[in-house]
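Here is how the chains run, residue by residue.
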Amino acid sequence: MASEKSKILVVGATGYLGRHVVAASASLGHPTYAFVRDTAPSDPAKAAVLKTFTDAGVTLVKGDLYDQASLVSAAKLADVVISTLGSLQLADQTRLIDAIKEAGNVKRFFPSEFGLDVDRTGIVEPGKTVLSAKVAIRRAVEAAGIPYTYATAGFFAGYALPSVGQVLAQGPPADKALILGDGNTKAVFVEEGDIGTYTVLAADDPRAENKTLYIKPPANTLSHNELLDLWEKKTGKKPERVYFPEDEVLKKIQESPLPLNIILAIGHAAYVRGEQAGFEIDPAKGVDASELYPEVKYTTVDEYLNRFI
């Protein structure tokens, strides 16, 4: 039946973003399968995550990314496969592509993306090399002829907002706020559960097939200066704003160790180059999640910052 919800398999289900995608899939009524290495882990934290899955009606599917037979078996259960694998396993998604091809029934694949649009980024090294793995997977998906959606978001709220957007600080600004560039370039901040919701909504949507899904909620698209204005209004504090011009940012990237150099390169792409928000979407290649799904009541940056007051 056309009205039936697609069966969704999430690979990387217990990871940072994966658990949000699983929760969104289940809450939106999709038969949901979580691909996991161990269905009864000894780690209490991981066991607790799996319990939230099963409590929500999610089916646990035991397998391993490096066991091709288990990948094929899992793919055969699903109409849509969503990968949320971490950076160290991005290149190994070729195994998932092969399994989807062999299974022959998957109608849509979401490779692990959720950051910058890697086909249009000018990110500097070492970010360029890190993101090249995502580029290679996109080309492999297309070469395999698998229908796809590339879901890209801005900064994950859980990473960016505890420091009120600062890349060079861990917590909220006290005496000083450290800002890359002039602070006027728009960036995007998205709560992880909302990333999951928009991604799952696109799973059955023909408008998102073979397109990039840009997740950039309007109320969450704001400059670092605007973000700090919000923070100051909430707290009544006015930290000194310290601006790092682009040449200083590039120097810091070159001098910093891993993973700070990669984090800074992403910050440079967003806060200096404006890659998260400073562009028009080509309708032949992409769609705006907020325009497709205006009914989503997403968590605003304003609301999210209240957690730290």
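Residues numbered from 1 in each chain as written. Predicted model: local features only at pLDDT ≥ 70, side-chain atom pairs only at ≥ 80, totals over all residues. Heavy atoms only, no water.

Enquirer: Go over the overall build of the protein chain with me, naming the residues and quoting the values.
Expert: The helix and strand inventory of the protein chain stands at 12 helices and 13 strands. For 309 residues, the compact-globule formula gives about 19 Å, and the C-alpha radius of gyration of the protein chain, at 20 Å, lands near that figure. When its C-alpha atoms are laid out on the principal axes, the protein chain stretches across 55 × 40 × 40 Å. In the protein chain, buried positions account for 51% of the 309 residues. Of the contacts made within the protein chain by residues no fewer than 6 positions apart, 79% connect residues no fewer than 24 positions apart. Surface accessibility of the protein chain: about 13900 Å² in total, with carbon and sulfur atoms responsible for 53%. Considering the protein chain, the positive charge centre built from 33 side chains and the negative charge centre built from 39 side chains are found 2 Å apart. (Helix = DSSP H or I, 4+ residues; strand = E, 2+ residues; numbered from the N terminus. Rg over C-alpha atoms; globule rule 2.2 N^0.38 Å. Buried < 20%, exposed > 50% of the residue type's maximum accessible area, 1.4 Å probe, protein only. Contact = heavy atoms within 4.5 Å. Areas by Shrake-Rupley, 256 points an atom, 1.4 Å probe, with all protein chains shown as cover. Lys, Arg positive; Asp, Glu negative; His and termini not counted. Charge placed at Lys NZ, Arg CZ, Asp CG, Glu CD.)

Enquirer: So, the sheet that holds strand β7 (residues 155–156): which residues are in play, and what are the values?
Expert: Taken in spatial order, the 3 strands line up as β7-β9-β11 in an open sheet, and their pairing is mixed. Unpaired on one side and paired on the other, β7 and β11 (221–223) mark the two borders of the sheet. The pairing of β7 with strand β9 (residues 186–190) spans 2 bridges and is classified as parallel. By the bridge assignment, F155 is partnered in β9 with F189. Helix α8 (residues 224–235) contacts β9 and β11 of the sheet and is inclined by roughly 90° relative to β11. (Pairing = 2+ DSSP bridges. Axes fitted to C-alpha atoms, helices over the stretch in contact; angles between N-to-C directions.)

Enquirer: Hey, could you go over the packing of aromatic side chains for me, with residue numbers and the actual values?
Expert: One pass over the structure, following the stated rule, counts 8 aromatic pairs. Between the aromatic rings of F155 and Y271, the centroid separation amounts to 5.3 Å while the plane-to-plane angle is 35°, which identifies the pairing as tilted. On the criterion of sequence distance, the pair formed by F155 in strand β7 and Y271 in helix α10 (residues 260–272) is long-range, its members being 116 residues apart. Both residues of the pair, F155 and Y271, count as buried. Aromatic rings pair up to connect Y16, F156 and Y159 into one cluster. Between R120 and the ring centre of F279, over which it is positioned, the NZ or CZ distance is 3.9 Å. The ring of Y304 has R307 lying over it, and the distance from NZ or CZ to the ring centre is 3.8 Å. (Phe/Tyr/Trp six-rings, centres within 6.5 Å; stacked < 30°, edge-to-face > 60°. Lys NZ or Arg CZ within 6 Å of the ring centre and 35° of its normal.)

Enquirer: So, the sheet that holds strand β10 (residues 211–215): which residues are in play, and what are the values?
Expert: If you trace the 3 strands from one edge of the open sheet to the other, you get β6-β10-β13, paired in parallel fashion. What marks the edges here is a single partner per strand, and that holds for β6 (149–153) and β13 (286–288). Taken pair by pair, the neighbouring strands of this sheet meet at an average axis angle of 25°, ignoring direction. As judged from the 5 bridges shared by β6 and β10, these two strands associate in the parallel manner. When the sheet's bridge partners are listed, A151 is paired in β10 with L213. Contacts between helix α7 (residues 192–203) and the sheet are confined to β6 and β10, with β10 contributing the most and set at about 150° to the helix.

Enquirer: How would you sum up helix α1 (residues 18–27)? Please name residues and give values.
Expert: Within the sequence span of α1, burial applies to G18, V21, V22, A24, S25 and A26. Check the buried side of α1 and you find it contacts β1 (8–11), β2 (32–36), α2 (44–55), β4 (80–83) and α7. Just beyond α1, the residue with positive phi is G29, at close to 90°.

Enquirer: Talk me through helix α3 (residues 68–75); I want residue IDs and the actual numbers.
Expert: Within the span of α3, buried status applies to S70, L71, V72, A74 and A75. Buried residues along α3 sit against β1, β2, β3 (59–62) and α4 (93–103).

Enquirer: Residues and numbers for the pattern of salt bridges, please.
Expert: In total, this model carries 16 salt bridges according to the counting rule given. Residue E232 is joined to K238 by a salt bridge in which the shortest nitrogen-to-oxygen separation is 3.0 Å. Residue class for E232 comes out buried when judged on its relative accessible area of 9%. With a relative accessible area of 71%, K238 lands in the exposed category. Within this structure, E113, D117, D119, R138, R139 and E142 form a network of salt bridges that share partners. (Salt bridge = Lys/Arg side-chain N within 4 Å of Asp/Glu carboxyl O.)

Enquirer: How would you summarise the UniProt feature "domain: NmrA-like" (unreviewed entry) in the protein chain if you had to cite specific residues and measurements?
Expert: Per the UniProt annotation, the sites labelled "domain: NmrA-like" (unreviewed entry) are residues 4–305. Along residues 4–305 one finds 39% helix and 18% strand; the C-alpha atoms at either end are 38 Å apart. (UniProt positions renumbered as here; feature names shortened; annotations may be inferred.)

Enquirer: So, the side chain of Q93: which residues are in play, and what are the values?
Expert: Note that Q93 resides in helix α4. Looking at Q93, its side chain comes within polar contact range of the main-chain oxygen of L90, at 3.1 Å. Apart from the residues lying within four places of it in its own chain, the contact partners of Q93 are S83, L85, F109, P111, S112 and I137. (Polar contact = N/O pair within 3.5 Å; in protein donor to acceptor, adjacent residues only side chain to side chain.)

Enquirer: Can you explain the nonpolar core? Please cite residues and give values.
Expert: In terms of nonpolar packing, the biggest core is built from 38 residues, with F53, I82, I195, L213, I215 and Y293 touching the most fellow members. It is α7 that provides the largest number of residues to this core, a total of 5 residues. Apart from residues no more than four positions distant in its own chain, Y293 is found in contact with Y198, L201, A202, D205, R207 and L213. L228, F244, Y304 and L305 belong to the second largest nonpolar core, which has 31 residues in total. (Core = buried A, V, L, I, M, F, W, Y, C linked by side-chain atoms within 4.5 Å.)

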